[in-house]
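The residues making up each chain are set out below.
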Amino acid sequence: MEPDEVHELHEHHEQAEKDRSLRPVTFTMSLLAVLVAVATVLGHRTHSEAILAQAKASDQWNEYQAKKIRQNETQLTADLLATLATHDQNAEKLIENYKQHMSKWAGDLGEEQDKAHELESEVRRAERRGGRFDLGEVLLEVALVITSITLLTRQRLFWFAGMIFGAIGVLISASAFLLPG
């Protein structure tokens with residue numbers, strides 16, 4: 001919420017002091033302002049979580065790629081040694097050692113890939129949650145504006161419309177917590 005919005009809200013409260021029938025409207029506006037702030041903070045935090053999860057996923061894929069490159073280089077070295085027409089026992093042991101490493105690394109690669117996919121799922125979930133918070137924030141902002149029109153027009157219809165938009169905004173924001181993991 002911007003400083004000029006806070007000042008405007010304060011002015012509306014002063015107007016409502018003169019007309020006691022508008023107190024519920026000003027209370028609703030205050031409540032909506034708090035809910036906007038909450039939705040905004042939750043949205044920002046969720047988007048930050050998505051960014052951090054994306055960085056972790058990228059790191060995980062880098063780890064996978066490094067191990068994959070190491071495995072490929074080892075395979076090439078083992079193939080090269082195997083094609084040489086040597087009957088050196090050390091070369092045979094070396095080739096066998098390389099094959100054992102490649103076998104172990106194949107299992108590691110699967111684990112690294114699974115971790116990276118899991119982190120990518122976290123990113124998608126955080127982005128979906130962030131989108132819900134953003135939409136909820138927008139609807140709460142709209143609710144606040146529509147409700148404030150009541151102070152200018154003295155027509156309760158705007159107050160009720162603002163409360164409906166506010167309720168929808170709260171429900172959409174709350175639905176972010178219900179998204180499957």
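Nothing here was measured: the structure is a model prediction, and the numbers come from that model.

### Focus: the packing of helix α2 (residues 23-83) against helix α4 (residues 156-175)
Inference 1: Between α2 and α4, whose axes approach to 11 Å, the crossing angle comes to 25°. The pairing of α2 with α4 is recorded here as roughly parallel in orientation. You can see that α2 and α4 cross each other, and the crossing is left-handed. Each of Pro 24, Val 25, Thr 28, Leu 32, Leu 35 and Ala 39 in α2 lies in contact with α4, whose residues at this interface are Arg 156, Trp 159, Met 163, Gly 166, Val 170 and Ser 173.
Inference 2: Of the residues that constitute the contact of α2 with α4, the class distribution is eight nonpolar, three polar and one charged.

### Focus: the packing of aromatic side chains
Inference 1: Following the criterion strictly, the structure yields three aromatic pairs and no others.
Inference 2: Seen from their ring centres, Trp 61 and Tyr 64 are 5.4 Å apart, and the 85° between their planes marks the pair as edge-to-face. Here Trp 61 pairs with Tyr 64, and both are found in helix α2, just three residues apart, close to one helical turn.
Inference 3: You can call Tyr 64 buried: its relative accessible area is 18%.
Inference 4: Relative to Phe 177, the ring of Phe 133 has its centre 5.5 Å away and its plane inclined at 70°; by these criteria the two rings are edge-to-face. Highlighted residues: Phe 133 in helix α3 (residues 89-153) and Phe 177 in the segment after α4, separated in sequence by 44 residues.
Inference 5: In this structure Phe 133 comes out as buried when scored by relative accessible area, which is 1%.

### Things to note about the environment of Thr 28
Inference 1: You can see Thr 28 is positioned in helix α2.
Inference 2: Taking C-alpha positions, Thr 28 is 9.3 Å from Ser 148, a pair spaced 120 residues apart along the chain.
Inference 3: Those residues within four positions of Thr 28 in sequence are excluded, and the remaining contacts are Thr 147, Trp 159 and Met 163.

### Observations regarding a nonpolar patch on the surface
Inference 1: On the surface, Leu 135, Val 138, Val 142 and Phe 165 cluster together into a nonpolar patch covering about 300 Å² of accessible area.
Inference 2: Counting residues per element, the nonpolar patch draws most heavily on α3, at three residues.
Inference 3: For Val 142, the position within the fold is in helix α3.

### Observations regarding a negative patch on the surface
Inference 1: Taken together, the side chains of Glu 111, Asp 114, Glu 118 and Glu 122 define an acidic patch exposed on the protein surface.
Inference 2: The topology assignment puts Asp 114 in helix α3.

### Describing the nonpolar core
Inference 1: With twelve residues, the main nonpolar core is built from Leu 22, Val 25, Met 29, Leu 32, Ala 33, Val 36, Ala 39, Leu 140, Ala 143, Leu 144, Leu 151 and Trp 159.
Inference 2: For this core, the secondary structure elements donating two or more residues are α2 and α3.
Inference 3: Per-element accounting of this core gives the leading share, six residues, to α2.

### Some remarks on the environment of Leu 144
Inference 1: Mapped onto the elements of the fold, Leu 144 is located in helix α3.
Inference 2: Each C-alpha atom, one on Leu 144 and one on Ser 30, is 8.6 Å from the other, the two residues being 114 residues apart in sequence.

### A word on the pattern of salt bridges
Inference 1: Going through the model one piece at a time under the given rule, you end up with two salt bridges.
Inference 2: Notably, a salt bridge pairs Arg 129 with Glu 49, separated by 3.6 Å at the nearest N-O pair. Remark: Glu 49 occurs in helix α2 and Arg 129 occurs in helix α3; sequence separation between them is 80 residues.
Inference 3: Since its relative accessible area comes to 39%, Glu 49 is described here as partly exposed.
Inference 4: Here Glu 112 ties to Lys 67 by a salt bridge, and the two come within 2.9 Å at their closest N and O atoms. Here Lys 67 lies in helix α2 and Glu 112 lies in helix α3, a separation of 45 residues in the sequence.
Inference 5: On the accessibility criterion, Glu 112 (7% relative accessible area) is buried.

Rules and cut-offs
- Residues numbered from 1 in each chain as written.
- Predicted model: local features only at pLDDT ≥ 70, side-chain atom pairs only at ≥ 80, totals over all residues.
- Heavy atoms only, no water.
- Axes fitted to C-alpha atoms, helices over the stretch in contact; angles between N-to-C directions.
- Helix = DSSP H or I, 4+ residues; strand = E, 2+ residues; numbered from the N terminus.
- Parallel < 35°, antiparallel > 145°, perpendicular 65-115°, else oblique.
- Left-handed = near helix turned anticlockwise from the far one by under 90°.
- Contact = heavy atoms within 4.5 Å.
- Nonpolar A, V, L, I, M, F, W, Y, C, P; charged D, E, K, R; others polar.
- Phe/Tyr/Trp six-rings, centres within 6.5 Å; stacked < 30°, edge-to-face > 60°.
- Buried < 20%, exposed > 50% of the residue type's maximum accessible area, 1.4 Å probe, protein only.
- Patch = residues over 30% accessible without salt bridge, like charges linked within 9 Å, V, L, I, M, F, W, Y side chains within 5 Å.
- Areas by Shrake-Rupley, 256 points an atom, 1.4 Å probe, with all protein chains shown as cover.
- Salt bridge = Lys/Arg side-chain N within 4 Å of Asp/Glu carboxyl O.
- Lys, Arg positive; Asp, Glu negative; His and termini not counted.
- Charge placed at Lys NZ, Arg CZ, Asp CG, Glu CD.
- Core = buried A, V, L, I, M, F, W, Y, C linked by side-chain atoms within 4.5 Å.

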